[in-house]
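Geometric and topological summary
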Amino acid sequence: MEAMPADKRRQYLATMGIQLWERRELPGREQDVQLTEPPATAPAPAPAVKVTSTISALDWKELENRVASCTQCGLHAKRNRTVFGTGDKSARWMVIGEAPGADEDRAGEPFVGRAGKLLNAMIRAAGCKREEVFIANIVKCRPPGNRDPAEEEIAHCSAYLKRQIDLLQPMLILAAGRVAAQSLLHSDLPVGRLRGRIHHYGEAGIPLVVTYHPAYLLRSPEQKRKAWSDLQLALGVCAPGSG
Ligand code: URA
């Protein structure tokens, strides 16, 4: 087929919006043409990249901020405050409860209601003050109506708790109540079957003792004797407090 004359080709290409690059340094020869797409409109700006570190890399402050802005499960919608945890960040004992109730949701601090007062008394009985242990919960937001946290809510919060345990490196975990005991030990046994012996948590094998939840002890004070023997079991591992 006969080649299209260069000026006609140039005209067609120009009509289609195709830019024609011509080599100028070859005088006397038919120009080579190179087709390129016309530059698109202005290049799209790079999407803003939000740099978020994995939870396992966060320090205490970053972790607390991450929890405070968490919207991973439905509990965030109705919370007043997240309840991160409180106490000595070099404590030997970490006490883990279930979830914030109404008082804790208002205060942003775990175990501040009636059950909290009993927990404080239990900690005192173990020989130290509340501020000398670290207290946290399995979930950081209040389940409405004080229902048990759902599996999905526990699952979303578990990375936060795991990071708290990794940062604290406690010598003993006291799991208060069924929800804490079962979720930390991945068990479905009742507290009555889990208490009375020393378990081990995670890869580090942190000694873990299960006891009754203080709210349960308020309803069933006759079980306080067993809770006291749980504390003695824990004390046999190490004394609470830091140092
Ligand atoms: N019950 C819990 O398990 N945790 C709290 O913080 C308060 C009540």
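Refer to the structure printed above.
Please read these numbers as outputs of a predicted model, since none were measured by experiment.

Before going further, it helps to spend a moment on the site of the ligand. The ligand sits among Gly97, Glu98, Ala99, Glu104, Pro110, Phe111, Asn137 and His213. Residue Phe111 places a main-chain N or O atom 2.9 Å away from an oxygen atom belonging to the ligand. Protein chains bury 91% of the 230 Å² of accessible surface belonging to the ligand in isolation. For the shell around the ligand, a count of residues per class yields three nonpolar, three polar and two charged.

Should the charged atoms of two oppositely charged side chains come close, the side chains can pair. This model, assessed by the stated rule, comprises seven salt bridges. The closest approach of N and O atoms between Arg106 and Asp103, which form a salt bridge, is 2.9 Å. Highlighted residues: Arg106 and Asp103, both in helix α3 (residues 102-107), separated by three residues, approximately one helical turn. The class for Arg106 is exposed, based on a relative accessible area of 53%. Here Asp166 ties to Lys162 by a salt bridge, and the two come within 2.9 Å at their closest N and O atoms. Taken as a pair, Asp166 and Lys162 lie in helix α5 (residues 151-168) at a separation of four residues, close to a single helical turn. The exposure class of Lys162 is partly exposed, given its relative accessible area of 44%.

What counts, and where the lines are drawn
Residues numbered from 1 in each chain as written. Predicted model: local features only at pLDDT ≥ 70, side-chain atom pairs only at ≥ 80, totals over all residues. Heavy atoms only, no water. Near = heavy atom within 4 Å. Polar contact = N/O pair within 3.5 Å; in protein donor to acceptor, adjacent residues only side chain to side chain. Areas by Shrake-Rupley, 256 points an atom, 1.4 Å probe, with all protein chains shown as cover. Nonpolar A, V, L, I, M, F, W, Y, C, P; charged D, E, K, R; others polar. Salt bridge = Lys/Arg side-chain N within 4 Å of Asp/Glu carboxyl O. Helix = DSSP H or I, 4+ residues; strand = E, 2+ residues; numbered from the N terminus. Buried < 20%, exposed > 50% of the residue type's maximum accessible area, 1.4 Å probe, protein only.

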